[in-house]
2 protein chains.
Amino acid sequence: MRADARRNLEQLLAAARDLVAEKGAGVALDEVAHRAGVGIATLYRRFPDRSALLRGVVLDALEQTRLAAEQAAEEHDDAFEALAAYLRAALELRVSAVIPQVLDALDLDEPELATACEASARATERLVDAAHEADSLPADVTFADVGMMLVRIARPLPGPMPEELKHELARRHLELFIRGLGGEHRSLDGPELSRADLADLAHPGNTLSG
Amino acid sequence: MRADARRNLEQLLAAARDLVAEKGAGVALDEVAHRAGVGIATLYRRFPDRSALLRGVVLDALEQTRLAAEQAAEEHDDAFEALAAYLRAALELRVSAVIPQVLDALDLDEPELATACEASARATERLVDAAHEADSLPADVTFADVGMMLVRIARPLPGPMPEELKHELARRHLELFIRGLGGEHRSLDGPELSRADLADLAHPGNTLSG
DNA sequence: GTGAAACGGAGGACAACGCTCCGTTTCAAG
DNA sequence: CTTGAAACGGAGCGTTGTCCTCCGTTTCAC
């Protein structure tokens, strides 16, 4: 593969990741190509259609996330600190901003994607479980709660703010959330969803009840 | 005004509020009419164009929010409880899901809208200030932090979940956030934006520096 | 009972986007 | 340096989806 071709491929993936996070899976492909600094034809040469591009972005993001989770577990003895470190890393990777945007534009059941999802989710779940066992994360805060709050915080706020400020605020609000997780706790109402419950929502045909 | 006409008008506003919250300001007007159970012509008879419809939705939401803030202040002696009650009410009103979606499709400087914004924000700010003074809200958590977290929590999560479950989860995550606000606190980094800072972001030409 | 007001939905005009084609440029091996 | 294969950019056509109007039909209220 020629050097310029590889560079363009990477720039396309980065541009697609950012734009999908900001504008959703339906973003104009011309815009992706332009942000990547290449012509539209180059995009179509690498990714035959929109779905292939989204697949590429998601696979990339999931793999990086899995690595971040494993690295966080390694580098921190304290289970809560490990979880916090992972959340900070995941925010920077934008994975939680990208995945939800493509949920209904991409078939996550397809083997390669499903495997990546599973591996990434499992690594995250280990961090949550460890924090539960160490009693440093309230028992009523589930995997789904943590994951969804990360999605809420990672999604760019709408409005005419500079992108950099948006990102700084996301970091700040993640810290606010992490701080809240550590404090004292009263009881929490509402659906306590486990990872299995989340999987069941995606595949209502499975053995678990709805 | 004929009785059916009034009913249709209310249904149009409700449908537009929900759909704008879910899909953004660019939602297809045919879809709004359909969800409201009326023909597209009826929508155009009430609102000559998209902008008029958005204005109607926003004015309605802001007014209800202001009332909710004032009512929360009245009904609760404890400042923190008043703030929490307001946040719960605002979530139900969907105001924080609607406003950000229309930020760049509507001119908020226009007198009638600006007045409503100002009144609503001022009522909310009073709740935040009171909680600060009562030392029940950490000093480094600003008006902007609370408002933006409410936006993050109120925005519907993407994905193929039933709407009702999404709403239940939003309530649950708001409780998680409120719980976190009350706990012990370490220091919080990042931009500490006041209401004035927020206003300056919207109107960079004002006296405040950027 | 009656007419004015409100209604629904088909359809033409228009804008935006997807994707292809082809002449031009860039790389790297001999 | 030469050369050809590979990669590139962007104009442009076809399609899709949305806006908004027009007009025959229905509903309300006096």
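Model, not experiment: these values are computed from the prediction.

Here is what the cut-offs are and how they apply
- Residues numbered from 1 in each chain as written.
- Chains lettered and ligands numbered in written order.
- Predicted model: local features only at pLDDT ≥ 70, side-chain atom pairs only at ≥ 80, totals over all residues.
- Heavy atoms only, no water.
- Domains from an automatic or database assignment.
- Contact = heavy atoms within 4.5 Å.
- Buried area = accessible area lost by both parts, 1.4 Å probe.
- Salt bridge = Lys/Arg side-chain N within 4 Å of Asp/Glu carboxyl O.
- Near = heavy atom within 4 Å.
- Polar contact = N/O pair within 3.5 Å; in protein donor to acceptor, adjacent residues only side chain to side chain.
- Core = buried A, V, L, I, M, F, W, Y, C linked by side-chain atoms within 4.5 Å.
- Buried < 20%, exposed > 50% of the residue type's maximum accessible area, 1.4 Å probe, protein only.
- Least-squares fit on C-alpha atoms with pLDDT ≥ 70 in both.
- Helix = DSSP H or I, 4+ residues; strand = E, 2+ residues; numbered from the N terminus.
- Expected span 1.5 Å × (residues − 1).
- Nonpolar A, V, L, I, M, F, W, Y, C, P; charged D, E, K, R; others polar.
- Axes fitted to C-alpha atoms, helices over the stretch in contact; angles between N-to-C directions.
- Left-handed = near helix turned anticlockwise from the far one by under 90°.
- Parallel < 35°, antiparallel > 145°, perpendicular 65-115°, else oblique.

With respect to the domain arrangement of chain A
Residue and element names in this part refer to chain A.
Logical step 1: Domain boundaries in chain A define domain 1 (1-48) and domain 2 (50-202).
Logical step 2: Domain 1 and domain 2 are separated by 25 Å when their C-alpha centres are compared.
Logical step 3: Contacts between the two partners involve 16 residues from domain 1 and, on the opposite side, 15 residues from domain 2.
Logical step 4: Taken over both partners, the interface formed by domain 1 and domain 2 buries close to 1400 Å², and the fraction arising from carbon and sulfur atoms is 70%.
Logical step 5: Contact with domain 2 buries surface across domain 1, with R17, A21 and A25 losing the most and accounting together for 37% of the total.
Logical step 6: For the pair domain 1 and domain 2, the interface holds 1 salt bridge.
Logical step 7: In this structure, R94 engages D18 in a salt bridge whose closest nitrogen and oxygen atoms are separated by 3.4 Å.

What about the protein's contact with DNA strand C?
Logical step 1: Lining the immediate surroundings of DNA strand C are 22 residues, of which R50 of chain A together with N8, G39, A41 and T42 of chain B lie closest.
Logical step 2: In DNA strand C, atoms within 4 Å of the protein come from the sugar-phosphate backbone in 59% of cases.
Logical step 3: A distance of 2.5 Å separates a phosphate oxygen of DNA strand C from a polar backbone atom of G39 of chain B.
Logical step 4: With respect to DNA strand C, the side chain of R45 of chain B contributes an N or O atom lying 3.2 Å from a phosphate oxygen.

Observations concerning the nonpolar core
Logical step 1: Formed by 123 residues in total, the largest nonpolar core has its most connected members in V32 and L87 of chain A together with V32 and L87 of chain B.
Logical step 2: The residues touching L87 of chain B, leaving out its near neighbours within four places in the chain, are V146, L150, L174, F177 and I178 of chain B.

Concerning the relation of the copies chain A and chain B
Logical step 1: Between chain A and chain B, the superposition needs a rotation of 180° and an axial shift of 0.0 Å, giving an RMSD of 0.0 Å. Here the transformation between the copies is reduced to the relation of a two-fold axis. Proximity to the rotation axis, assessed at the C-alpha, singles out G180 of chain A in chain A; its C-alpha lies 1.7 Å from the axis.
Logical step 2: The fraction of interface residues of chain A whose copies in chain B are also interface residues reaches 100%, indicating that both copies meet through the same surface.

So, helix α1 (residues 3-23) of chain B
Since one α-helical turn is 3.6 residues long, residues separated by three or four positions face the same way.
All names here are of chain B.
Logical step 1: Taking 1.5 Å of rise per residue, 21 residues should cover 30 Å, and α1 covers 30 Å from first to last C-alpha, within 8% of that figure.
Logical step 2: Among the structural elements, α2 (29-36), α3 (40-46), α4 (50-75) and α6 (95-102) are those in contact with the buried residues of α1.
Logical step 3: G24 occupies a position one or two residues after α1 and carries a positive phi of about 95°.

What to know about the pattern of salt bridges
It is possible for side chains bearing opposite charge to pair when their charged atoms get close.
All names here are of chain B.
Logical step 1: For the structure on display, the rule yields 34 salt bridges over all chains.
Logical step 2: Across the pair K23 and E31 runs a salt bridge whose closest N-O atoms are separated by 2.8 Å.
Logical step 3: In this structure, the salt-bridge partner of E175 is R88, at a minimum N-O distance of 2.6 Å. Linking E175 in helix α9 (residues 163-182) with R88 in helix α5 (residues 79-93), this pair joins segments that are 87 residues apart in sequence.
Logical step 4: Overall, E175 belongs to the partly exposed group, its relative accessible area being 23%.

Side note on the interface of chain A and chain B
Logical step 1: In this assembly, 44 residues from chain A lie in contact with 44 residues from chain B.
Logical step 2: Summed over both partners, the interface of chain A with chain B buries about 4100 Å², with 61% contributed by carbon and sulfur atoms.
Logical step 3: On inspection of chain A and its partner chain B, the count reaches 4 salt bridges.
Logical step 4: R172 of chain A is the salt-bridge partner of D145 of chain B, the closest N and O atoms lying 2.6 Å from each other.
Logical step 5: The interface formed by chain A and chain B holds 17 residue pairs in polar contact (both at pLDDT 80 or more) in total.
Logical step 6: Taken together, the elements giving at least two residues each to the side of chain A that touches chain B come down to α8 (143-154) and α9 (163-182) of chain A.
Logical step 7: Per-element tally for the side of chain A that touches chain B: the top contributor is α9 of chain A, with 12 residues.
Logical step 8: Class assignment for the residues of the side of chain A that touches chain B results in 24 nonpolar, 8 polar and 12 charged.

Here's the deal with the protein's contact with DNA strand D
Logical step 1: Among the 22 residues in the neighbourhood of DNA strand D, the closest are listed as N8, G39, A41 and T42 of chain A together with R50 of chain B.
Logical step 2: Within 4 Å of the protein, atoms of DNA strand D come from sugar and phosphate in 60% of cases.
Logical step 3: At a separation of 3.3 Å, a base oxygen of DNA strand D approaches a polar side-chain atom of R2 of chain B.
Logical step 4: In the model, a phosphate oxygen of DNA strand D is placed 3.2 Å from a nitrogen or oxygen of the A3 of chain B main chain.
Logical step 5: It is helix α3 (residues 40-46) of chain A that contributes the most residues to the surface near DNA strand D, 5 residues altogether.
Logical step 6: Split into classes, the residues belonging to the surface near DNA strand D amount to 11 nonpolar, 4 polar and 7 charged.

Quick word on the packing of α8 of chain A against helix α8 (residues 143-154) of chain B
Logical step 1: With their axes 9 Å apart at the nearest point, α8 of chain A and α8 of chain B run at an angle of 120° to one another. Seen from above, α8 of chain A lies across α8 of chain B with right-handed handedness. Contacts between α8 of chain A and α8 of chain B involve M149, R152 and I153 of chain A from the first element and M149, R152 and I153 of chain B from the second.
Logical step 2: Of the residues contributing to the contact of α8 of chain A with α8 of chain B, the split by class is 4 nonpolar, no polar and 2 charged.

Description of the packing of helix α4 (residues 50-75) of chain A against helix α5 (residues 79-93) of chain A
Residues and elements named next belong to chain A.
Logical step 1: Following both chains from N to C, one finds α4 and α5 inclined at 155°, their axes separated by 8 Å at the closest point. Here α4 is positioned roughly antiparallel relative to α5, judged by the angle of their axes. Crossing handedness for the pair α4 and α5: right-handed. Contacts from Q64, T65, A68, A69, A72 and A73 in α4 reach A82, A85, Y86, A89 and L93 in α5.
Logical step 2: Here the contact of α4 with α5 is composed, by residue class, of 9 nonpolar, 2 polar and no charged.

With respect to the side chain of T42 of chain B
Logical step 1: Mapped onto the fold, T42 of chain B is located in helix α3.
Logical step 2: Relative accessible area serves as the criterion here: at 17%, T42 of chain B is assigned to the buried category.

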